[in-house]
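Okay, here's what each chain looks like letter by letter:
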Amino acid sequence: MLYKGVFGTIRTLIGLALLGSVIWQVADRLGADLFRPTEYFAYFSITSAMLAGLMVLTSGVMLLRGKSESERQNIARLVAVVSMIIVGTVYHLLLGDSAIDPRDVGYDWPRIPNAIIHTYAPVLVALDYLFSVKGAKPRLLKAAWVVVYPLVWLGLSIIRGLSDGWWPYWFINPGSEGGVVAMLTYIFAIAAAFIALGFVVLGIRLSAAKMIGADNK
């Protein structure tokens with residue numbers, strides 16, 4: 001019960017922090033009359049924050065109620081974990097110094113929710129998944145499911161971009177420097193990173209569980 005209580009509390013707090021950060025940003029944008037929902041909710045960082053928030057919050061509440069994750073729920077959380085790791089990595093490597101949208105000149109995003117979504121949550125959800133070695137232990141091949149969500153997001157983003165000319169990120173815009181070749185290169189790199197990271201994260205968790213002989217409860 002101690003295990004479930006500790007990890008249940010951690011996940012619940014992380015989930016509330018992520019969902020609360022999205023609400024905070026939306027409220028702040030509304031207050032500044034700069035909220036564009038069809039754009040805001042198109043960002044991978046935002047959809048991933050919402051996905052991760054819901055997954056870890058649901059899992060946390062289940063643990064606090066004395067229940068355990070199913071294998072399917074564990075894989076869903078793995079998808080959220082890998083997505084958040086990618087969000088944090090891409091943000092700090094590629095997007096941290098991106099040009100400001102001309103429509104947002106003079107507006108500063110609230111720093112706390114931005115830091116939670118792009119910096120702290122990616123680290124915390126990863127550590128939680130890696131150290132919570134009890135519970136469901138999916139087969140390693142199930143890690144391949146992590147690529148489905150980003151590919152669906154990419155497909156919808158490209159369709160939207162080609163139809164109205166708006167792109168959430170410059171590196172998936174075929175009209176940016178490098179053209180279609182650069183766009184496809186980034187897409188393949190992102191897909192490969194998701195698959196590789198999914199196998200690494202799940203592999204580490206399974207290996208750790210095996211080493212300490214963790215049960216499924």
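Residues numbered from 1 in each chain as written. Predicted model: local features only at pLDDT ≥ 70, side-chain atom pairs only at ≥ 80, totals over all residues. Heavy atoms only, no water.

**Details of helix H5 (residues 111-131)**
- Given a rise of 1.5 Å per residue, 21 residues ought to cover 30 Å, and the 28 Å separating the end C-alpha atoms of H5 matches this to within 8%.
- Along its length, H5 reaches its greatest deviation from straightness, about 50°, at Tyr120, and the proline Pro122 lies no more than four positions downstream.
- Buried residues of H5: Pro113, Asn114, Ile116, Ile117, His118, Ala121, Pro122, Val125, Ala126, Asp128 and Tyr129, and no others. (Helix = DSSP H or I, 4+ residues; strand = E, 2+ residues; numbered from the N terminus. Expected span 1.5 Å × (residues − 1). Bend = angle between axes of the 7 residues up to and from the residue. Buried < 20%, exposed > 50% of the residue type's maximum accessible area, 1.4 Å probe, protein only.)

**Some thoughts on the packing of helix H3 (residues 44-64) against helix H6 (residues 148-164)**
- Where H3 meets H6, the closest approach of the two axes is 11 Å, and the angle between their N-to-C directions is 140°. The two elements H3 and H6 cross, and the hand of that crossing is right-handed. Residues Phe44, Thr47, Ser48 and Leu51 of H3 touch H6, and the partners they reach there are Tyr149, Pro150 and Trp153.
- A per-class count over the contact of H3 with H6 returns five nonpolar, two polar and no charged. (Axes fitted to C-alpha atoms, helices over the stretch in contact; angles between N-to-C directions. Left-handed = near helix turned anticlockwise from the far one by under 90°. Contact = heavy atoms within 4.5 Å. Nonpolar A, V, L, I, M, F, W, Y, C, P; charged D, E, K, R; others polar.)

**So, the packing of aromatic side chains**
- Summed over all chains, the structure comprises 16 aromatic pairs.
- Each ring, one from Tyr43 and one from Tyr169, has its centre 5.6 Å from the other, and the planes form 70°; the classification is edge-to-face. Placement of the pair is Tyr43 in the loop between helix H2 (37-40) and H3 and Tyr169 in the loop between H6 and helix H7 (179-212), with a sequence separation of 126 residues.
- With relative accessibility at 10%, the residue Tyr169 sits in the buried group.
- Directly above the ring of Tyr3 sits Lys134, whose terminal nitrogen or CZ lies 5.2 Å from the centroid. (Phe/Tyr/Trp six-rings, centres within 6.5 Å; stacked < 30°, edge-to-face > 60°. Lys NZ or Arg CZ within 6 Å of the ring centre and 35° of its normal.)

**Notes on the environment of Ile85**
- By the secondary structure assignment, Ile85 is in helix H4 (residues 71-95).
- Taking the C-alpha atoms as reference points, Ile85 and Lys67, 18 residues apart in sequence, are found 27 Å from one another.
- Beyond its immediate sequence surroundings of up to four residues, Ile85 is in contact with Pro122, Ala126, Leu197 and Val201.

**Notes on the nonpolar core**
- By size, the foremost hydrophobic cluster in this structure holds 43 residues, and its most contacted members are Leu18, Val22, Phe44, Leu78, Val82 and Phe194.
- In terms of residues, this core owes the most to one element, H4, which gives ten residues.
- When residues no more than four places from it in sequence are discounted, the contact partners of Phe44 are Ser83, Val87, Tyr149, Pro150, Trp153, Tyr169 and Phe194. (Core = buried A, V, L, I, M, F, W, Y, C linked by side-chain atoms within 4.5 Å.)

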